[in-house]
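Understanding the architecture of this molecule
Spelled out, the chains give:
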Amino acid sequence: MSSEIFIKPKYDFKVPIDASAISPNEFSGKTLEEIKAIKVWEGNKEKTIGELFIVEGSTSSEVKNIKIILEGDFSKVRRIGSNMSDGEIIIKGSVGFHLGEKMNGGKILVERNADSWLGSKMKGGVIEVHGNAGDFIGAPYRGETKGMKGGTIIIHGNAGNEIGCWMIGGLIKVRGNCGLFPGIHMKNGTIVVYGNTEGRCGALMKGGKVIILGKVPTVLSSFTFEEIRSSVKANGEKIDGPFYVFTGDLNEEGSGKIFISTLNNTHLKFYEKYIE
Amino acid sequence: MKILIKNGYVYDPLNKIDGEIMDIAIENGKIVESVSGEVKEIDAKNMIVMPGGVDLHSHIAGSKVNAGRLLRPEDHYKDVEKKTNIKRSGVGYTVPSTFTTGYRYSEMGYTTVMEAATPPLKTRHTHEELNDIPMVDKACLSVLDNNWIVLDYLSKNELEKCAAFIGWILNAIKGYGIKIVNPGGVELWGWGKNVKTIDDQVPPFNITPREIIRGLCKINKMLNLPHTIHLHTNNLGTPGNYRTLIESMKCVSDLSNGSIVLHVTHVQFCGYKGYSWITLSSGASEIAKFVNENKYVTLDLGQIVFGDATTMTADGPFQYILYSLSKNKWINADVEAETSAGIVPYRFKKKNYVNAIQWSIGLELTLLVKDPWRIFLTTDHPNAGLFTSYPKLIAWLMSKKAREKILKKVNKRAKSKMILPTLEREYTFYEIAIITRAGTAKALGLKNKGHLGIGADADVAIYDLNPKEIDPSKDYKKVRRAFRKAAYTIKDGKIVCKNGEVVENISGKTYWVNVDIPKDLLISTISEVKEKFEEYYTVKMENYAIHENELLKSAPLKINSNL
């Protein structure tokens, strides 16, 4: 039996809400009344889901059959879909920090914008954002050194700074532009940016791939120019170039690769003289 | 408040009481002969009564501890202490915040903790954090071996002046004793170098680590300080360094006259045999042999506990080596303050060959050193493990079975090289009381601590264990549980913890030494030092001085020097 659970905020939230309990795993096998009794935090006060949200629909005991549909403004609600392993969450509006934190399966769809730390420490599954996303996509919490491990994040709008920070696997695709430092500290995995970036790609990276199809202001001096390649593969998908290929970050003895479109970056043409 | 602890099995090694059923009476924060009138009785029937724990080497306050907290936000959000009516909130794990440190020590039955290294110029910070650590008495050892003025005096062999200066500085910064960290090496680290043996020259002073250790040992005697010099040896954490350790211990042999003159700290880190990390093996038997034959040294363990740790020491060059090995994040600090703290997060793993050997060295040493009065239980918190793992260590020492359980899981090649599986010794409760409280209090020269004799401070820990019924070598889990959460912790005659939970928040005293130095000598030395200070330092000499008012509860120890 598939189930659809609709959740709407009862009022405009003034303070952040920690709602790691809103996930198919938590909801499975619970009745609506039981779901309403689940604890969430509003600022420093412990509340229940029922006190903050209107909850309607039907429930299921199977995690994979559960579809949670969030309607309204959730931009102050954090950690939705934390640790989820299956099922689906659809957010018809904007959403706050840490969406899909540590998720390892299932699907999350955001119809408007998502905030920072989207898919932080994600292990599997898919997150798709139709609007823009914030900073630190797939990044771990402050101080930790293991970020996104697997899964896919697709952003149709723009993304912020330091996307894929400490990434060790998976794929991040940004259809729009992104800010500074895409792929900082990256060890493995792939980042594809279809638009422009503000630069400093792959700073401190040890491995992995950053592919930029738009404009890049400059390449960090700790990267060495390798060759021009006509195309590149990103998780099996072929992306046509041609691309300038750089390796680095040499400061970290890294062997990460940055692919930069030659057509949109004619100011990097001078590198071509280093090809033997 | 008057308290009578009734019918407990009392372990009080300093008074040679080994598990006798006794009553302990407390009045006005002291142990007394008997009490009458309105008395709070504690029924300690079938329980163990010991003096409050005394930790003589832990890093709990000061600039490098704080730097460790800043470096590791990830360490904290997983271990959160909630606010209660009594406790303040805080964060914990490897580098807990100040209040949490105090609560957790107290919950284990500890009542006194020594912050083991503080740079003289930054001791104000140390005291501010010590003020914030509730529940326990505390003190701090000052790192003085790489102070330019000390080095200058030592190289000129002006020991009296040097002693006067050290006496002045301990008084000024409210320190408790002399800590030596990688003598000479830390000074050279300012130039990116290190010393390799204890006979290497340290330019520009033309002095060797041997001369520094010997000089400070003599000065310690001249000043008549309660604790001996507290030595962190050269070449710490490098394969083959057990020779450096034995050399360092030997170099003060003629200064002893039968008394203890040297304390070597976290000895596990300097007990490595072999020529590289691949050929690493344990030097425990050689060290234990030397210690058993030479009664003038005490040791503490620095025992490795598998899991997360944050290594932090004033030995910058060693920390740089560790950073190069682990490629983890690191910071270097305090170089301008005459030490050079380095901090590197580290994780000790059972399956790692080197870590497994390190783990065995500490335990081998404790089991091989015959006299428990000269080896003490520490983890060099948070370097090799956390102070909250002491109960685990106690279980390992008391039970061969507990050790074997871990031995099954450690790296196989390491296991084949250990002598630990052949060691049969198991510590008794009496010996545990020595290595965690009586011995440490004696080594620190805290006369009112570590025992339950008349007139001692009423610091008592009661553990819910019946020594007549329990066989610690089999029921090590019960031992671990009991030592983790003391049934009662009594501090200064107040019940502060009950069933491992803090029930009353109190603030402990800060001990420091107030050495009397002949006035003429002091004045002439200080005026000389002042000139050098103006010449070499960017701060004024007055910046050192910490007023007694800055300590929450000042407890000076008046010392008559031999000067």
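Right above here is the structure, for reference.
As a starting point, this report considers the structure included with it. Owing to the predicted nature of the structure, the values given are computational and were not obtained by experimental measurement.

About the criteria used
- Each chain carries its own residue numbering, running from 1 in the direction its sequence is written.
- Starting at A for chains and at 1 for ligands, labels are handed out in the order in which the entities are written.
- A pLDDT threshold of at least 70 governs which residues receive local features in this predicted model, and a stricter bar of 80 or more applies before side-chain atom pairs are shown or counted, although totals over entire chains, interfaces and linings include all residues.
- Note: side-chain values were computed over all heavy atoms of the structure, leaving out hydrogens and water.
- At least two bridges found by DSSP between two strands is the condition for calling them paired.
- By definition, any uninterrupted DSSP run of H or I lasting at least four residues is a helix, any uninterrupted run of E lasting at least two residues is a strand, and each is numbered from the N terminus.
- Only the contacting stretch of a helix is used when fitting its axis, a line to C-alpha atoms as for every element, and angles between N-to-C directions run 0 to 180 degrees.
- Only protein chains enter the accessibility calculation, which uses a 1.4 Å probe; a residue is then buried when its area is under 20% of its type maximum, exposed when over 50%, and partly exposed in between.
- In what follows, a contact means two residues having at least one pair of non-hydrogen atoms within 4.5 Å.
- Reported orientations rely on four angle classes, namely roughly parallel under 35 degrees, roughly antiparallel over 145, roughly perpendicular from 65 to 115, and oblique for the rest.
- Handedness of a crossing is defined here by the sense of rotation of the near helix relative to the far one, left-handed for an anticlockwise turn of less than a right angle and right-handed for a clockwise turn.
- We call Asp, Glu, Lys and Arg charged. Ala, Val, Leu, Ile, Met, Phe, Trp, Tyr, Cys and Pro are nonpolar, and the rest, Gly among them, are polar.
- In this scheme, patches are assembled from residues that exceed 30% relative accessible area and form no salt bridge. Like charges are connected within 9 Å, while nonpolar side chains (Val, Leu, Ile, Met, Phe, Trp, Tyr) are connected within 5 Å.
- Note on areas: Shrake-Rupley, 1.4 Å probe, and residue coverage restricted to the protein chains presented here.
- When a carboxyl oxygen of Asp or Glu lies within 4 Å of a side-chain nitrogen of Lys or Arg, that pair is called a salt bridge.
- In this tally Asp and Glu are treated as negative and Lys and Arg as positive; neither His nor the chain ends contributes.
- Note that the charge is assigned to NZ on lysines, CZ on arginines, CG on aspartates and CD on glutamates.
- The rule is simple: put a 1 Å grid over the protein atoms alone, call a set of points where a 1.4 Å probe fits but cannot get out a cavity, call an open set with protein on both sides within 12 Å along at least five of seven lines a pocket, and count a residue as lining if it has an atom within 4 Å of a point.
- Grid points are joined across faces, edges and corners, and a volume is the space filled by probe spheres set on the points.
- In this analysis, rings of Phe, Tyr and Trp, with Trp reduced to its six-membered ring, are considered paired at centre separations within 6.5 Å, and the interplanar angle assigns stacked below 30 degrees, edge-to-face beyond 60, and tilted for intermediate values.
- Both a distance and an angle decide whether a charge sits over a ring: NZ of Lys or CZ of Arg must be within 6 Å of the ring centre and within 35 degrees of the ring normal.

**Points about the pairing of strand 16 (residues 209–212) of chain A**
All names here are of chain A. The sheet contact formed by strand 14 (residues 188–193) and strand 16 spans four bridges and is parallel. Paired with valine 192 across the strands is isoleucine 211, a residue of strand 16. As defined by bridge partners, strand 16 adjoins strand 19 (residues 256–261) across four bridges and the pair is classed as parallel. Residue pairing across strands places isoleucine 212 opposite isoleucine 260, the latter belonging to strand 19.

**Quick word on the sheet that holds strand 17 (residues 307–313) of chain B**
Residue and element names in this part refer to chain B. The strand order across the open sheet formed by three strands is 17-19-18, and the pairing between neighbours is antiparallel. Since the sheet does not close on itself, it has two edges, and those belong to strand 17 and strand 18 (331–333), each with one partner. Strand-to-strand twist of the sheet, defined as the mean angle between neighbouring strand axes without regard to direction, takes the value 25 degrees.

**Details of the environment of B:Ser281**
Residue and element names in this part refer to chain B. With respect to the helices, strands and loops of the structure, serine 281 is situated in strand 15 (residues 281–282). Judged by relative accessible area, which is 16%, serine 281 ranks as buried. For the pair formed by serine 281 and valine 354, sequence separation is 73 residues and the distance between their alpha carbons is 8.5 Å. Among residues more than four places away in sequence, those in contact with serine 281 are Gly271, Tyr272, Lys273, Gly274, Ile357 and Ile361.

**Describing the packing of helix 6 (residues 159–173) of chain B against helix 8 (residues 209–223) of chain B**
Residue and element names in this part refer to chain B. The geometry of helix 6 relative to helix 8 is characterised by a closest axis approach of 9 Å and an angle of 65 degrees between their N-to-C directions. As far as their axial angle goes, helix 8 and helix 6 are roughly perpendicular. For the pair helix 6 and helix 8, the sense of crossing is right-handed. Note on element contacts: helix 8 touches helix 6 through Gly215, Leu216, Lys218, Ile219, Met222 and Leu223, opposite Leu159, Glu160, Cys162, Ala163, Ile166 and Gly167. Among the residues forming the contact of helix 6 with helix 8, the class breakdown is eight nonpolar, two polar and two charged.

**Topic: a positive patch on the surface**
Residues and elements named next belong to chain B. Together, Lys351, Lys401, Lys405, Lys408, Lys409, Lys412, Lys415, Lys477, Lys478, Arg481 and Arg484 make up a region of like positive charge exposed at the surface. Counting residues per element, the ones that place at least two in the positive patch are helix 14 (400–407), helix 15 (412–417) and helix 17 (476–484). If one sorts the elements of the positive patch by residue count, helix 17 sits on top with four residues. Here lysine 477 is to be found in helix 17.

**Considerations on the environment of B:Leu552**
Residue placement: B:Leu552 occurs in the loop between helix 18 (519–536) and strand 26 (554–560). Each residue touching B:Leu552, except ones within four places of it in the same chain, is listed here: B:Asn131 and B:Ser507.

**Points about the layout of surface pockets**
Of the pockets and cavities examined, the largest pocket occupies roughly 1400 Å³. Lining the largest pocket are 48 residues; nearest its centre among them are A:Gly143, A:Glu144, A:Thr145, A:Lys146 and B:Asn328. Secondary-structure elements contributing two or more residues to the lining of the largest pocket are helix 1 (63–71), helix 2 (73–76), helix 11 (316–326) and strand 19 (341–348) of chain B. Classifying every residue of the lining of the largest pocket by side-chain character gives 17 nonpolar, nine polar and 22 charged.

**Observations concerning the packing of aromatic side chains**
Residue and element names in this part refer to chain B. Within this structure, the stated rule accounts for 33 aromatic pairs over all chains. Between tyrosine 105 and phenylalanine 387, the aromatic rings sit 3.9 Å apart at their centres with planes inclined by 5 degrees, giving stacked as the arrangement. Of this pair, tyrosine 105 sits in helix 3 (residues 98–107) while phenylalanine 387 sits in the loop between strand 20 (375–376) and helix 13 (390–398); the two residues are 282 residues apart in sequence, bridging distant segments of the chain. Both residues of the pair, tyrosine 105 and phenylalanine 387, belong to the buried class. An aromatic cluster is built from Trp148, Phe165, Trp168, Phe533, Tyr536, Tyr537 and Tyr544, whose rings are joined through pairwise contacts. Above the plane of the ring of tryptophan 512 lies lysine 174, whose end atom (NZ or CZ) is 4.5 Å from the centre.

Geometry only, nothing functional implied.
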